[in-house]
Amino acid sequence: QVQLVESGGGSVQAGGSLRLSCAASGTILSINVMGWYRQAPGKQRELVAAVTGEGNRNYADSVKGRFTISRDNAKKSVYLQMNSLKPEDTAVYYCNFQGLYRLNDVRNYWGQGTQVTVSS
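Residues numbered from 1 in each chain as written. Predicted model: local features only at pLDDT ≥ 70, side-chain atom pairs only at ≥ 80, totals over all residues. Heavy atoms only, no water.

Caption draft 1: View of the pairing of strand β7 (residues 67-72). In β7, alternate side chains face the same way, and those of F67, I69 and R71 are buried while those of T68, S70 and D72 on the opposite face are not. Across six bridges, β7 lies against strand β8 (residues 77-82) in antiparallel orientation. By the bridge assignment for β8, T68 is matched with Q81. Once β7 ends, the chain turns through four residues before running back antiparallel as β8, passing K76 with a positive phi of about 50°. (Buried < 20%, exposed > 50% of the residue type's maximum accessible area, 1.4 Å probe, protein only. Helix = DSSP H or I, 4+ residues; strand = E, 2+ residues; numbered from the N terminus. Pairing = 2+ DSSP bridges.)

Structure follows, in structure tokens:
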């Protein structure tokens, strides 16, 4: 069974930095897209950043220039470096993998979520 385990969340002051990590355990044949989503109280979950297997990256407009997504295929991991954090970045952050679990079996996996709190 594949599971995604997140770490790196916490509380920081505005302008600070955090680095989120997410690693998959269990057997997975390949991972196409790795991404990070976030959800603030009372709001819809939104895509923050994603990276494809080809290395193409995209970011939400609100985090461009401040966040950087990276992946390590050997470790089945994805990272999110968050700099110049703002109070509006406060949310629960979830990693997401789109992967090939078995032949002809593409699945969408989610991490358990990690809280990021940015204070003024």
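Caption draft 2: Representation of the pairing of strand β9 (residues 91-102) within the structure. Bridge count for strand β4 (residues 30-39) against β9 is nine bridges, and the pairing is antiparallel. Its bridge partner being in β9, S30 is matched across the sheet by L100. Here β9 runs beside strand β11 (residues 114-119); their pairing, made up of three bridges, is antiparallel. What sits directly across from V92, in β11, is Q115. If you look at the hairpin formed by β9 and strand β10 (residues 105-110), you'll find two residues sitting between the two strands, and N104 has a positive phi there, around 60°.

Caption draft 3: Up close: the environment of A40. Take A40: it is sitting in the loop between β4 and β5 (46-51). Judged by its relative accessible area of 18%, A40 falls in the buried class. Apart from the residues within four sequence positions on either side, A40 is in contact with T90 and A91. (Contact = heavy atoms within 4.5 Å.)

Caption draft 4: Structural detail: the nonpolar core. Counting residues in each nonpolar core, the largest one holds 30 residues, and the members touching the most others are W36, L80, M82, Y93 and F97. For this core, the secondary-structure elements that each account for two or more residues are β3 (18-25), β4, β5, β7, β8, β9 and β11. With sequence-adjacent residues up to four places away left out, F97 is seen in contact with L4, C22, A24, I31, V33, M34, K76, S77, V78, R107, N108 and Y109. (Core = buried A, V, L, I, M, F, W, Y, C linked by side-chain atoms within 4.5 Å.)

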